[in-house]
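# Coordinates in review
Chain residues, written in single-letter form:
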Amino acid sequence: MGSLFRSEEMNLAQLYLQSDSAYHCLGELGELGLVQFRDLNPDVNAFNRRYVNEVRRCDEMERRLRYLNKEIAKADLKVLEDAEEPDVPLPSDMLELEGQFEKLEAEIREINSNQERLNRNCLELTELKHIIRQTVNFFAEAEQAFTAGVHFSMGEEAALLEDARNHGSQLGFMAGVISRERIQAFERVMWRACRGNVFMRHEPIDVELTDPVSGEPIDKNVFIIFHQGDQLRSRVRKICDGFRATIYPCPETAAERREILMGVSTRIEDLSTILSQTSDHRYRVLHAIGQNIRGWSTKVAKMKAIYHTLNLFDVDVAQQCLVGECWCPLADLDSIQYALQTGHERSGSSVQPILHLMKTPLNPPTYNKV
Amino acid sequence: KSISELARLTASAIQVLCSLERSPEVVNMASSDMLFNVDNGYLEGLVRGFRGGILAQTDYLNLTQCETLEDLKLHLQSTDYGNFLQNEAGPLTVAVVDDKLREKLVTEFTYFRNHSLPPLSQFFDFITYGYMIDNIILLITGTLHNRSISELLPKCHPLGQFEELGSLGIAQTAKDLYNAVLVDTPLALFFQECVSEQDLDELHIEIIRNTLYKAYLEAFFEFCQSIGGSTADMMLPILQFEADRRAFNITINSFGTELGKDDRAKLFPRCGRLYPDGLSRLAKADDYEQVRQVAECYAEYAQLFDGAGTGPGEKTLEDRFFEYEVKLNMNAFMNQFHFGVFYAYVKLKEQECRNIVWISECIAQQNRSKIDNYVPIF
């Protein structure tokens, strides 16, 4: 018969299944894993096949499960392997599973968007804190240099500072944050566009910041630009928009700065507590999902495979019976018949499935039993 | 004694080869047959593999039979596109399909660019300059119509991105544009002829676009000429057709506008087959008939103008130009060891994206009358 060097003897069989029992019989045959079906509809397009809607629904469920899997991986949770493989789900289960996945996906998406919003707020506040700190430093250094009257480059700043205090609204400044990789081009364009009439200073932010959307660490720099006049101000603002730098309103006097710094620190603390609560909740929800997700994925995969195989069948004109052709090993015919019988009983339909062997000149596929 | 002789000979041969590698004449030789595969063999193999995945006529026939965009997605799953729409939540729209198609092409192009060595990397950069020009014009026009930068930036083509792109909104005149922004980009060289004090308005922007593109095409033409070998043989006809096509389009589009004939003549790229006689006659043309007469003198172009029109059952001139371009690009794959395959692949993939988007639009709007107006590639 068969051995590792020769294929088992294969036979082409024709399978007649009633539409009701078709799903269950194929489910049983799938668990056995002993038959290979031929495509009886090679000319039909993928989207014209009979069970294409069911396949689409399985696709949609798989997409939701992929999304949930990705979220679980992001939260560094380990997914449990089920002790045993779940059985083939019934076609009526599909509705229930779909509803469940939809609900879970919506819940996770909502939690994620909330968390993103909180993260964004937190990031803005942190950036504002750094800006205020840096401007405090800038102005303090300038003060020092002014009173000491020593350093030349500091002297420029000091002179500007004097101007800012004397002329009031004429000399303005703008403070903001820009990502580190863009700072070079930003400086160059600023210098060219304003014909060197602005003074700019920038410092890197040492603390690591995380991007709220992607969750990846990003490096940013604080910059402060002194400019004179309205035209230059609008120009500077346009360039900042173009380079996607965020501008923060920065107070002029030192007292205001201290006040805002304190307010910002308290708000950051509040936000951190809320954030930790949100991430806890998210962790718990994902943990609950992670218990079942393997089982669900297997069920959906099995369902999709059954519908794919059903698409290979030829539909009888009266729409009552499905005709299929499959290759099966001669030695296992009994188990195949038994599987068909089980499927028929499980479905509770009236017509017995019929398997009958055919003579054919086609070459059978190779099957090595391991 | 013979072994040491052999060793000495081998050593000197290696020395000669190494010195050849350094010498400038060898850039030409390296890009043709013998040493091409050393630097570029992997990428050429890869691009030929990708070319095999370009949709064929059977795919287009299947796509035109789709009833909804979901069917389209199902069919594309069996092609090289695979599961590119797999993770899209919500109802499928044509815009989403367009974005994803383009994303795939951009990923492939970026891979090629990152793995290439000069002169192939310079070749890829030249391809991106065209997209940069389109992006710049898009942004300037958008700013003119008071759209915000954040609204316009996502519409830019990803292959034409450069760092200073976002700050184009500040420019009021062409000179501003050059001095402030473009001088640091690779496009600075092409901008020499455009610098003027005139304010940017609709007509002027079009003039800038065409002048930039003319300088770019001529520079690209020279670059391919300098590479020589099969690259020059394959790329020059393609670039010549591009130049002539632009000349025809500029002429036809300028009828009834304020563009004077001298200005028009300055916009024609000079690297095509129409230079110099055809271009001078085009500059003097007043209507479509005269343009057609100019085209009659050149065999291929006469064929394109023949039977082109806007009536039912006739193809428009633009469609014909696309078809001819596709034909030239397909021919690029018939030769080996040249860079034209990369250019042709990018252009053919773009045409494929246009085709799929056209079919999707017809399906989405339930108007199947013109669904067969795509340009078949294979």
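## Brief notes about the interface of chain B and chain A
- Contact with chain B, which involves 26 residues of that partner, is made by 23 residues of chain A.
- Summed over both partners, the interface of chain B with chain A comes to about 2100 Å²; 53% of that surface belongs to carbon and sulfur atoms.
- When the buried surface of chain B facing chain A is broken down by residue, Leu74(B), Glu163(B) and Ile170(B) rank first, second and third, together holding 26% of it.
- At the junction of chain B with chain A, the criterion picks out 4 salt bridges.
- For the pair chain B and chain A, the number of links is 6 residue pairs in polar contact (both at pLDDT 80 or more).

## Observations regarding the packing of aromatic side chains
All names here are of chain B.
- One pass over the structure, following the stated rule, counts 39 aromatic pairs over all chains.
- Centroid distance Phe50 to Phe112: 5.8 Å. Interplanar angle 80°. Geometry classified as edge-to-face. Residue Phe50 is located in helix H3 (residues 33–51), and its partner Phe112 is located in helix H6 (residues 94–114); the two are separated by 62 residues in the primary sequence.
- Residue Phe50 is classed as partly exposed on the basis of its relative accessible area of 23%.
- Assessed through its relative accessible area of 2%, Phe112 is described here as buried.
- Geometrically, the ring pair formed by Phe190 and Tyr216 is edge-to-face, given 6.0 Å between the ring centres and 65° between the ring planes. Of this pair, Phe190 sits in the loop between helix H9 (174–181) and helix H10 (202–227) while Tyr216 sits in helix H10, and the two are 26 residues apart along the sequence.
- An aromatic cluster of at least three residues, connected via ring pairs, comprises Phe36, Phe123, Phe126, Tyr129, Phe190, Tyr213, Tyr216, Phe220, Phe223, Phe337, Phe339 and Tyr343.
- In this structure, Arg246 packs its charged tip against the face of Tyr213, placed 3.8 Å from the ring centre.

## Re the pairing of strand E1 (residues 10–18) of chain A
Residue and element names in this part refer to chain A.
- Counting buried positions along E1 yields 8 of 9 residues, so the element is predominantly enclosed.
- Inspection of the sheet shows E1 paired to strand E10 (residues 321–329) by 9 bridges, in the antiparallel sense. Within the sheet, the bridge partner assigned to Gln18 lies in E10 and is Cys321.
- Across 5 bridges, the pairing between E1 and strand E11 (residues 354–358) is antiparallel. Residue pairing in the sheet places Gln14 in a bridge with His356 of E11.

## What to know about the pattern of salt bridges
- Applying the stated criterion across every chain yields a total of 40 salt bridges over all chains.
- Of the charged contacts in the structure, one is a salt bridge between Lys302(A) and Glu85(A), with a shortest N-O distance of 3.2 Å. With a gap of 217 residues between them, Lys302(A) in helix H7 (residues 254–312) and Glu85(A) in the loop between helix H2 (52–74) and helix H3 (93–148) connect regions that are remote in the sequence.
- Note that Lys104(B) and Glu108(B) form a salt bridge whose closest N and O atoms lie 3.0 Å from each other. You can see Lys104(B) and its partner Glu108(B) sitting in helix H6, 4 residues apart, about one turn around the helix.
- When its relative accessible area of 19% is taken as the criterion, Lys104(B) is described as buried.

## Describing the sheet that holds strand E3 (residues 171–179) of chain A
All names here are of chain A.
- The antiparallel open sheet is built from 4 strands, whose spatial order is E4-E7-E3-E8. Two strands close off the open sheet at either side, each with one partner strand: strand E4 (199–204) and strand E8 (246–248). On average, each strand axis in the sheet is inclined to that of its neighbour by 25°, with strand direction left out of account.
- Taken together, the 3 bridges between E3 and E8 define a ladder with antiparallel strand orientation. By the bridge assignment for E8, Val177 is matched with Thr246.
- Along the sheet face, helix H5 (residues 183–193) touches E3, E4 and strand E7 (220–228) and points at about 175° away from the line of E4.

## Digging into H5(A)
- Residues Ile183(A), Ala185(A), Phe186(A), Val189(A), Met190(A) and Ala193(A) constitute the buried set of H5(A). End-on, the buried residues of H5(A) take up no more than an arc of 160°, which puts them together on one face. In H5(A), the exposed positions angled more than 90 degrees off the buried face are occupied by Gln184(A) and Trp191(A).
- Buried-residue contacts for H5(A) involve E3, E4, E7 and helix H6 (230–242) of chain A together with H9 of chain B.
- Just past H5(A), the residue Arg195(A) takes up positive phi, approximately 55°.

## As for the nonpolar core
- Phe186(A), Met190(A), Phe123(B) and Phe220(B) are the most contacted members of the largest nonpolar core, which has 146 residues in total.
- Those residues in contact with Phe123(B) that sit more than four places away from it in its chain are Phe220(B), Phe223(B), Cys224(B), Met235(B), Phe339(B) and Tyr343(B).
- By size, the runner-up hydrophobic cluster in this structure holds 45 residues, among which are Phe101(A), Ile289(A), Met303(A) and Ile336(A).

## Structural notes on the side chain of Arg64(A)
Residue and element names in this part refer to chain A.
- Inspection of the secondary structure assignment puts Arg64 in helix H2.
- Since its relative accessible area comes to 12%, Arg64 is described here as buried.
- With residues up to four places along the chain from it excluded, the contact list for Arg64 reads Glu98, Phe101, Glu102 and Glu105.

## Comments concerning the environment of Glu110(A)
- By secondary structure assignment, the location of Glu110(A) is in helix H3.
- In this structure the C-alpha to C-alpha distance between Glu110(A) and Arg120(A), which are 10 residues apart in sequence, comes to 15 Å.

## Remarks on a nonpolar patch on the surface
- Together, Leu4(A), Phe5(A) and Val370(A) make up an exposed nonpolar region whose accessible area comes to about 490 Å².
- Along the chain, Leu4(A) falls in the segment before E1.

## Focus: a negative patch on the surface
- Residues Glu181(A), Glu208(A), Asp219(A) and Glu163(B) make up a contiguous surface patch of negative charge.
- Within the fold, Glu208(A) resides in the loop between E4 and strand E5 (209–210).

## Quick notes on H9(B)
- The buried fraction of H9(B) is high, at 6 of 8 residues.
- Taken together, the buried residues of H9(B) touch H5 and H6 of chain A together with helix H7 (120–144) and H10 of chain B.

## With respect to unusual backbone geometry
- Between Pro118(B) and Pro119(B) the backbone carries a cis peptide bond, its omega angle lying at 0°.
- Relative to the assigned elements, Pro119(B) resides in the loop between H6 and H7.
- Residue Pro276(B) is reached from Tyr275(B) by a cis peptide bond, and omega for that bond is -5°.
- Relative to the elements of secondary structure, Pro276(B) occurs in the loop between helix H12 (261–267) and helix H13 (277–284).
- With a phi angle near 60°, Asp76(A) is a residue other than glycine that sits in the positive phi range.

## Focus: the packing of H7(B) against H10(B)
All names here are of chain B.
- Here H7 crosses H10 at 175°, and the two axes come no closer than 11 Å. One way to sum up the angle between H7 and H10 is to call them roughly antiparallel. Mapping the contact onto sequence places Gln122, Phe123, Phe126, Ile127, Tyr129, Gly130, Ile133, Asp134, Ile137, Ile140, Thr141 and Leu144 in H7 and Glu202, Ile205, Ile208, Arg209, Leu212, Tyr213, Tyr216, Ala219, Phe220, Phe223 and Cys224 in H10.

## Re the confidence of the model for chain B
- Summing up the model confidence of chain B, the mean pLDDT is 86 and the portion of residues at 70 or higher is 92%.
- This prediction of the complex comes with two scores: 0.84 for pTM and 0.80 for ipTM.

About the criteria used
Residues numbered from 1 in each chain as written. Chains lettered and ligands numbered in written order. Predicted model: local features only at pLDDT ≥ 70, side-chain atom pairs only at ≥ 80, totals over all residues. Heavy atoms only, no water. Contact = heavy atoms within 4.5 Å. Buried area = accessible area lost by both parts, 1.4 Å probe. Salt bridge = Lys/Arg side-chain N within 4 Å of Asp/Glu carboxyl O. Polar contact = N/O pair within 3.5 Å; in protein donor to acceptor, adjacent residues only side chain to side chain. Phe/Tyr/Trp six-rings, centres within 6.5 Å; stacked < 30°, edge-to-face > 60°. Helix = DSSP H or I, 4+ residues; strand = E, 2+ residues; numbered from the N terminus. Buried < 20%, exposed > 50% of the residue type's maximum accessible area, 1.4 Å probe, protein only. Lys NZ or Arg CZ within 6 Å of the ring centre and 35° of its normal. Pairing = 2+ DSSP bridges. Axes fitted to C-alpha atoms, helices over the stretch in contact; angles between N-to-C directions. Arc of directions from axis to C-beta. Core = buried A, V, L, I, M, F, W, Y, C linked by side-chain atoms within 4.5 Å. Patch = residues over 30% accessible without salt bridge, like charges linked within 9 Å, V, L, I, M, F, W, Y side chains within 5 Å. Areas by Shrake-Rupley, 256 points an atom, 1.4 Å probe, with all protein chains shown as cover. Lys, Arg positive; Asp, Glu negative; His and termini not counted. Charge placed at Lys NZ, Arg CZ, Asp CG, Glu CD. Parallel < 35°, antiparallel > 145°, perpendicular 65-115°, else oblique. pLDDT = per-residue confidence, 0-100.

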